[in-house]
Amino acid sequence: MTSVAAVLDTPAQQAPALEARHLTKHFPVRAGGLVARGALVHAVEDISLILPRSGITAVVGESGSGKSTLARMLARLITPTSGSIFLDGAEVRARARRGYARAVQMVLQDPFSSLNPVHNIGYHLARPLKVHGLDGSRSMDEAIAGLLDRVSLSPAGQFTGKFPHELSGGQRQRVAIARALAVRPRILLADEPVSMLDVSIRLGILNLLAGLRENDGLTILYVTHDIASARYLADVIAVMYAGQLIESGPAARVTDEPAHPYTQLLLSAAPDPDRTQPPSLLGRGAPPNLISPPGGCRFHPRCPHAMAVCAAERPPAITVAPGHEGACWLHARDLTAAQSLPLKTTDVSTGADTGPGPGPNPGRVPDTEPGTGSREEKS
């Protein structure tokens, strides 16, 4: 799957805020300090992604799916093996680093590691203002106070002189967000901004991001392994597995009617206070080795609905509803009888033969309990 459908009402003549086209990243395998001949980790494979203006797009997947690598390529912290990035419809060139950094900023996962422990909060916020230039109408102290106020850390005087270890995890993450906002970006890439925080303070950070979109028109990419929080915050959800994009669409539809068995697996594992029975996890084994990923659909060794075609050919992006795409052969209408045969699968975590799957269901993927609540419950 190489595209994400534009599911927001955006004027046709208006280019997306940020767009990735066929981004691929392979990392060489290092053994004993040497690069093994021909060995590569296929971290991200041929992904195209559109970030609509003033929208929130969530990229969801388990650890190792490539979602953070994708975000780092969009932030230009990592150079893609191939593919292009477009900002406001214009291809980004290698030399335009400072201008790009003013438009696109990233918030990293661990706020304690991303803040220098030997400098106080005032230094962290003053640094980008000095590097990228400060509005001459305001003093440095006023600018820092304004940034802290935007992330609900006030009065500013209580925080500017403190060091990162003197703040809570949530306060540190708010400082990291304030630092990213210092250069007045139009696009914010948030790489699992709440995964290192206590559950009790995660909602505050999510609401802060939502407020930045509503009040400042910020375009946000929200990277997470938690599909429930993605539904709560995002307009669009894109699901990644083993370096590939396998499903995308409006957040409510992806979580209510998932088109891919892997998305169903994520949903069945999500906590649900209303669930009365233990969740039924529709999948076996572990993610594949990305040095030698499986052919065809990379999820087929774990898929309970795997067919012969799943091991032989990579599924294309198939439209299952307006704005909703899934890369799964279960939605193809023109498969032959041989292609539709149930596939004998192997548990990739143990190597044990698990026998044939339960067979195909060409009409749609079976229902599952989302357990994610409703986006209408935000308020």
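Predicted, not measured: the structure shown is a model, and the values here were computed from it.

Visitor: Looking at this structure, I do not really get the packing of helix α4 (residues 121–132) against helix α6 (residues 169–181). What am I missing?
Guide: Each pair of packed helices gets described by two things: the angle between the helix axes and the distance between those axes. It is at 8 Å that the axes of α4 and α6 come closest, and there the two elements cross at 20°. Between α4 and α6, the angle is such that the two are roughly parallel. Where α4 crosses over α6, the handedness of that crossing is right-handed. Each of I121, H124, L125 and P128 in α4 lies in contact with α6, whose residues at this interface are V175, A178 and R179. When its residues are assigned to classes, the contact of α4 with α6 shows five nonpolar, one polar and one charged.

Visitor: How should the packing of aromatic side chains be read in this particular structure?
Guide: Between two aromatic rings, the relevant description is the distance of the centres plus the angle of the planes. Applying the stated rule across the entire model yields three aromatic pairs. Plain terms: the ring middles of Y241 and Y262 are 4.7 Å apart, the flat faces sit at 50° to each other, and that makes the pair tilted. Taken together, the residues span a long stretch of sequence, with Y241 in strand β9 (residues 236–241) and Y262 in helix α10 (residues 261–269) at a distance of 21 residues. Of the residues examined, Y241 reaches a relative accessible area of 2% and is grouped as buried. Measuring from ring centre to ring centre gives 5.1 Å for Y241 and F299, while their planes differ by 90°; the resulting arrangement is edge-to-face. Taken together, the positions of Y241 in strand β9 and F299 in the loop between α10 and α11 (308–312) put the pair 58 residues apart, joining distant regions of the chain. When its relative accessible area of 1% is taken as the criterion, F299 is described as buried. An aromatic cluster of three or more residues is present, and its members are Y241, Y262 and F299. The ring of F86 has R21 lying over it, and the distance from NZ or CZ to the ring centre is 3.8 Å.

What counts and how
- Residues numbered from 1 in each chain as written.
- Predicted model: local features only at pLDDT ≥ 70, side-chain atom pairs only at ≥ 80, totals over all residues.
- Heavy atoms only, no water.
- Axes fitted to C-alpha atoms, helices over the stretch in contact; angles between N-to-C directions.
- Helix = DSSP H or I, 4+ residues; strand = E, 2+ residues; numbered from the N terminus.
- Parallel < 35°, antiparallel > 145°, perpendicular 65-115°, else oblique.
- Left-handed = near helix turned anticlockwise from the far one by under 90°.
- Contact = heavy atoms within 4.5 Å.
- Nonpolar A, V, L, I, M, F, W, Y, C, P; charged D, E, K, R; others polar.
- Phe/Tyr/Trp six-rings, centres within 6.5 Å; stacked < 30°, edge-to-face > 60°.
- Buried < 20%, exposed > 50% of the residue type's maximum accessible area, 1.4 Å probe, protein only.
- Lys NZ or Arg CZ within 6 Å of the ring centre and 35° of its normal.

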